[in-house]
Amino acid sequence: ICGDHEGGTVCVNGHFDRPDKCAPARLRIVGEQIPYDESLVGGLAERYRRMVEPFGLDVPLGAIVELNRPSCEGGAPAPWTWSADVVFSHARLRHDRLSFPLENAGATLHVTNERIERLSLEAEVGGTPVRAEGSVFFFEEGRHHGFYTAGIEGADLSTDLMTLLPTTAMEAIQTLHPSG
C-alpha cells in the first residue's frame, strides 16, 4: 500500500502468517521526502518528540521502519518490536543550547524501541566541518543518557565552536592560551 503526503511518499508492506492475533507479523514502512512537520512530530513518542523539537528541522526525511511481532506467548499477543533508519541532508539546524546554526547538516539515525543506537551527524559552522556520533538510551520518567564523540577540523579557537567543548577542554585552552 502506498500513498502521498505533502510531496512525500510512504509505502507499507507486510506479512501475517495467518489472520489472527497470535500470528507472527512483519511490517516494513518506507518513506521518501517526508515533510518534517507538526503531523510527523506529533506522531512521535513523547521521549523522541522532546529530543527533536528543539532542532527546528526544515527538510524532508527519508525513513525505513521495521515492525515485528512474534507468535503469542501463553495465548496473549506478543509485544511489537520496531526499529527505524532515518536520513536527512542539506538542513539548517538550530538548537536552544547552540548560539549558532549548523549549516548543510546531514544525519543518519538508527532508532529502536528504547534507544537511538547510532547517530551520525555532519554539518558546517561558518564553513568549518563538524562531525558528531553517538547513542542515546532512554529511561523511565523521560530521562535519557547519551554517549557522543565530536570532531571539529580547522576551526579557529576564537569561534563559537569552542563553546561545544567540555569544561575541562575549555579550561585547558584558557590556561594554555593557544592560538590559531
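Anything mentioned here points back to the structure above.
Residue positions within a chain follow its written sequence, with the count starting from 1. pLDDT decides what is reported in this predicted model: residues at 70 or higher carry local features, side-chain atom pairs at 80 or more are listed and counted, and totals for whole chains, interfaces and linings draw on all residues regardless. Remark: hydrogens and water are excluded; side-chain values derive from all non-hydrogen atoms of the structure.

Participant: What is the right way to read the overall build of the protein from this model?
Facilitator: Here a strand is any run of E in DSSP of at least two residues, a helix any run of H or I of at least four, and the numbering for each starts at the N terminus. For the protein, the helix and strand inventory stands at three helices and nine strands. Counting from the amino terminus, the protein carries its helices and strands in the arrangement β-β-β-α-α-β-β-β-β-β-β-α. Only protein chains enter the accessibility calculation, which uses a 1.4 Å probe. A residue is then buried if its area is under 20% of the maximum for its type, exposed if over 50%, and partly exposed in between. Relative to its 180 residues, the protein shows a buried fraction of 27%. We call two residues in contact when some of their heavy atoms are within 4.5 Å. Across the protein, the fraction of contacts at a sequence separation of at least 24, relative to all contacts at a separation of at least 6, is 42%.

Participant: Please clarify how unusual backbone geometry should be interpreted in this entry.
Facilitator: Outside of glycine, negative phi angles account for most residues, and trans bonds account for most peptide bonds. In this structure, Gln33 takes a positive phi of about 55° despite not being glycine. Its location among the elements puts Gln33 in strand 3 (residues 25-34). The phi dihedral of Asn104 is positive, around 50°, even though this residue is not glycine. Mapped onto the fold, Asn104 is located in strand 6 (residues 102-112).

Participant: How should I be thinking about the nonpolar core in this particular structure?
Facilitator: Leu57, Phe88, Ala91, Leu93, Leu102, Ala105 and Ile116 are the most contacted members of the largest nonpolar core, which has 23 residues in total. Sorting the residues of this core by element identifies helix 2 (46-52), strand 5 (81-93), strand 6, strand 7 (115-125) and strand 8 (128-138) as the ones contributing at least two each. Discounting residues that sit within four places of it in the chain, Ala105 has contacts with Phe88, Ser89, His90, Ala91, Leu93, Leu121, Glu122 and Ala123. Throughout, nonpolar core names a set of buried Ala, Val, Leu, Ile, Met, Phe, Trp, Tyr and Cys residues whose side chains join them through atoms within 4.5 Å.

Participant: Even after reading the chapter, I still don't get the environment of Arg47, so can you show me in this structure?
Facilitator: With respect to the helices and strands, the residue Arg47 is situated in helix 2. Distance from Arg47 to Glu114, taken between C-alpha atoms, is 9.7 Å for residues 67 residues apart in sequence.

Participant: Can you walk me through the state of the cysteines in this structure?
Facilitator: When two cysteine sulfur atoms are found within 2.5 Å, that pair is recorded as a disulfide. Here the structure, examined in full by the defined rule, presents two disulfides. Disulfide pairing places Cys2 opposite Cys11 at an S-S distance of 2.1 Å. The sign of the S-S torsion, about 115°, decides the handedness of the disulfide formed by Cys2 and Cys11: right-handed. A relative accessible area of 56% places Cys2 in the exposed class. Each sulfur of the disulfide joining Cys22 and Cys72 lies 1.8 Å from the other.

Participant: Which parts of the structure should I look at to understand the pattern of salt bridges?
Facilitator: Pairs can form between side chains of opposite charge whenever their charged atoms are close. Here a salt bridge means any side-chain nitrogen of Lys or Arg lying within 4 Å of a carboxyl oxygen belonging to Asp or Glu. For the structure shown, the criterion picks out four salt bridges. We note a salt bridge from Asp85 to Arg118, for which the minimum N-O separation is 3.9 Å. Of this pair, Asp85 sits in strand 5 while Arg118 sits in strand 7, and the two are 33 residues apart along the sequence. The exposure class assigned to Asp85 is partly exposed, which follows from its relative accessible area of 31%. The class for Arg118 is partly exposed, based on a relative accessible area of 45%. The residue Glu103 makes a salt bridge to Arg92 at a minimum N-O spacing of 2.8 Å.

Participant: Honestly, helix 3 (residues 167-176) in this entry has me stumped. Any pointers?
Facilitator: The periodicity of an α-helix, 3.6 residues per turn, causes residues three or four places apart in sequence to face the same way. Across the 10 residues that make up helix 3, only a small minority, zero, are buried. Just beyond helix 3, the residue with positive phi is His177, at close to 55°.

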